[in-house]
Structure formats: structure tokens, C-alpha cells
Amino acid sequence: MTSNIDKSIYADNAATTSLDPCAFEAMKPYFTGCYGNASQPYSFSGSARNALKDARRIIADCIGAKEEEIFFTSGGTESDNWAIKSVLASKDVQSGVLVSKIEHHAILNSADSLRRFGIHIGYLDVTNEGIVLPEVLLKHIDQGIKLVSVMLANNEIGTIEPIRELAEIAHKNGSVFHTDAVQAMGHIDINVNELGVDMLSASAHKFNGPKGVGFLYVRNGVPIDPFMNGGAQEHRMRAGTENVPAIVGMATALRINNEELVSFKSKMNELETLLIDRLHSYGLDFVRNGADSHLPGNISLSFRNSDGEMILHRMDLMGICISTGSACDSKNTQISHVIDAIGVAKDYARGTIRISLGKYNTQEHVEKIALALKKIIQRE
Ligand code: PLP
């Protein structure tokens, strides 16, 4: 099947990204010639085994972790489920978990599923820029809280959270700290030691890697139960024959994106400024959501007296892909929980869209996006 995306403008990189061609090339041999099961001891499986080892080392190096602290998963949702449900490993029925109100549903619904075990779930408020203030965590945390999970950067509005300060508070209380870095990985510099996190989730398709693969970082010594029971893969913690081509693609994509972080940030800054300037010059009435410290290229806009769904569909007819709130929640047409939590004014909230630019977007794309928005909102 052919794609018509070449004629379109893809500006929904927070939903997913296109596979980096070098990552694709790196994956190919492991679909065909080197298809051996990485767990088999014979020499034919040697290349798959080595590829898995190399990928683990590349990923560990990218985030300042040790190889044995990286566990391959099927993506962000699985990594988040595993991290949140790890609280059951403490076997303490009095446990509590704290999450921010703007987490992805992979976190919120995982946390919710723990209630049937008697675990208490608390929700941390955010500022109107989407920031979880350290004092808010301090107010809520107590001895019963075994796990705190706050995302590194929000998928809908791009706000980057003060993870280091939050992790420090959690640790002083004796809690484990997890961060969902699914949107941030490969877009900003991440070092697990500088952040001070115990667990971190990532997903390859958000950083120009393939879909259906991700990883969970678990600091040595953090108590966690196996997520999938079966064979001895992933140090007996996550059973199942490894998806070697996908893992190789993920490691290659992360290495490339990490090498390009500085130029990526400056390109995204230019494109963001261009877009906002154009929208102002057209006289459109909108607010930009999120904090100054945000993910490069993630632009959440709320247009006054408008309708995000209508904008999305009209942009689609013009060949432009954007999103309303979170793409992982595209069936939910209500105002998203994130827009609700940051308190966007009623006459703007319904008109929220997310434009998420990526490394393959250009100035020409941005000019066309701005012009399309002008036409739709001014009903030309
Ligand atoms: N966490 C965040 C912040 C996300 O944005 C997403 C996907 O949009 C996920 C988790 C889920 O990741 P995956 O699609 O790999 O399951």
C-alpha cells in the first residue's frame, strides 16, 4: 500500500514519528538473514544475540544507565503499566501511589487498576502551565506513599516537569520515583542520574524508531516483579522472544536523535517562532498552552470560540495532519483532562489543537499550516 503523506504535511509528531531511514536500514538484516532466536546458543543466532547486546548498551549509554538496568518492552504503555504495577511488589496493602493529574492514560488507568488491591491513588494538581510544583508533592506525600510517578514532559502541551526536585522529595520520603519519558526521549537530553529517577519509560515510535517497542529503565536494587512470566528473556523479568529488528531500530533511532539534539532544538525554536508570529500577524485570537520550558516543536494552541475537532478535520481536507488533544485519545471528543487540569478558559478550551513538529518539518510546512489555520478560523 502506498502512502499519500508525501503530498501532505505531517505535524503530529507527538502521536508518532516517521522511521529514520538509517534505523530502517539497521533493522533489515534481522528480518531476513539474521533471523535466529537471540536466546539460542548456536552460532547462527550470534548476530541476533550481539545486536541485542549492542542495542542495550547504546540505549544505556544514551541515558547514563547500566546495561542491566534496561528492559525491552512492547512500548510506552507496557513500560508504564509495569512501572506503576511494581508497587504490588512491596506486598504492602497500605500502599499509596501519587501521580500527576496530567499523566497519559497509560499511567492514569494503570494506577486506577490498583484500587482493587486496596491501594490508595492520589492526584497531584498542576499550575496553569502544567507544572507539578515540588510544594504540591510535599503536601501530599506521606509514609504510605510507595511510588510517585510524574511524566518528564507532557504529550499534549509539552511542559517539562521539575523531575529532579520531585524525585528528591520522593526519596526523602522513602518512595520510589518513576517518570514517563515517552514524549521526551530523543527530543531533549536525558540522564537518569541527573534526574535522579528510579524508573523511566520510553517508546521508540516517538523518537523516529519503529512502533511496538520501547524500554523500561529500572535502577539496580529497585524492587520490581517480572511483568510477563515465561522464558528467561530480559533477566527473567519480561519473558517472550525478543523483537530483535525493532530493538535494533530503536537503539539506532535514539543514538541518531541524541546526536542531533542541539540542532533539533534550534530548528524547532525557529519553526515555533515562525508559526506563532504568523498567527499573530493574521490577527487570530488564541492562547499558547504549556510552560516556557517545553518540548521542542510541541505547540498547543487554544483558539477563542472555535472547535478543535472542526479545525482538525478541515486541516485534514487541506492535507495537514495535526491533533486536537492527545492522539492516543482521539475518540474522546470532550475537553481533554490536561486542558481541564491547566484551567484553559471556557471560551478557548474547546478550540484546542496540538501541532507537533518533528525533524522532517520545514519552514514551508509551517507557512502552510499558519495559512490553513487563518482560512479555517476566519472562515474564508
Ligand atoms: N506515555 C505518553 C506520555 C505518551 O504520549 C504515550 C503515547 O502517546 C504513551 C505513554 C503510550 O506509548 P505507546 O504508544 O508506545 O504505547
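Right above here is the structure, for reference.
Parameters at a glance
Residues numbered from 1 in each chain as written. Predicted model: local features only at pLDDT ≥ 70, side-chain atom pairs only at ≥ 80, totals over all residues. Heavy atoms only, no water. Buried < 20%, exposed > 50% of the residue type's maximum accessible area, 1.4 Å probe, protein only. Helix = DSSP H or I, 4+ residues; strand = E, 2+ residues; numbered from the N terminus. Right-handed = clockwise from strand over helix to strand, strands pointing away. Pairing = 2+ DSSP bridges. Patch = residues over 30% accessible without salt bridge, like charges linked within 9 Å, V, L, I, M, F, W, Y side chains within 5 Å. Areas by Shrake-Rupley, 256 points an atom, 1.4 Å probe, with all protein chains shown as cover. Salt bridge = Lys/Arg side-chain N within 4 Å of Asp/Glu carboxyl O. Core = buried A, V, L, I, M, F, W, Y, C linked by side-chain atoms within 4.5 Å. Axes fitted to C-alpha atoms, helices over the stretch in contact; angles between N-to-C directions. Contact = heavy atoms within 4.5 Å.

Student: Go over the pairing of strand β3 (residues 96-100) with me, naming the residues and quoting the values.
Tutor: Taking burial as the measure, the five residues of β3 include five buried ones, the bulk of the element. Residues Gly 96, Leu 98 and Ser 100 of β3 are buried on one face, and the alternating residues Val 97 and Val 99, pointing to the opposite face, are buried as well. For the crossover from β3 across helix α4 (residues 105-113) to strand β4 (residues 120-124), the handedness is right-handed. Relative to strand β5 (residues 145-149), β3 runs parallel, the two being bridged by four bridges. Counterpart to Gly 96 in the pairing with β5 is Ile 145.

Student: Can you break down a nonpolar patch on the surface residue by residue, with the values?
Tutor: There is a patch of nonpolar side chains on the surface, built from Tyr 35, Tyr 42 and Phe 44 and spanning about 360 Å² of accessible area. Within the secondary structure, Tyr 42 sits in the loop between α1 (21-27) and α2 (46-63).

Student: Before we move on, can you summarise the nonpolar core with the specific residues and values?
Tutor: Counting 66 residues, the largest nonpolar core has Ile 63, Met 185, Ile 190, Leu 200 and Phe 215 as its most contacted members. Sorting elements by how many residues they give to this core places α2 first, with nine residues. Membership of the second largest hydrophobic core comes to 28 residues, among which are Ile 9, Phe 303, Ile 311 and Leu 357.

Student: Talk me through the sheet that holds strand β10 (residues 298-303); I want residue IDs and the actual numbers.
Tutor: The strand order β9-β10-β12 describes an open sheet built from three strands, whose pairing is antiparallel. Bordering the open sheet on either side are β9 (286-289) and β12 (352-356), each of which pairs with just one other strand. Across the sheet, the mean angle separating the axes of adjacent strands is 30° when strand polarity is ignored. As paired strands, β9 and β10 are joined by four bridges and run antiparallel to one another. For Asn 289, the partnering residue across the bridge sits in β10 and is Ser 300. Set on the sheet, helix α10 (residues 261-281) makes contact with β9, β10 and β12; between it and β10 the angle comes to about 15°.

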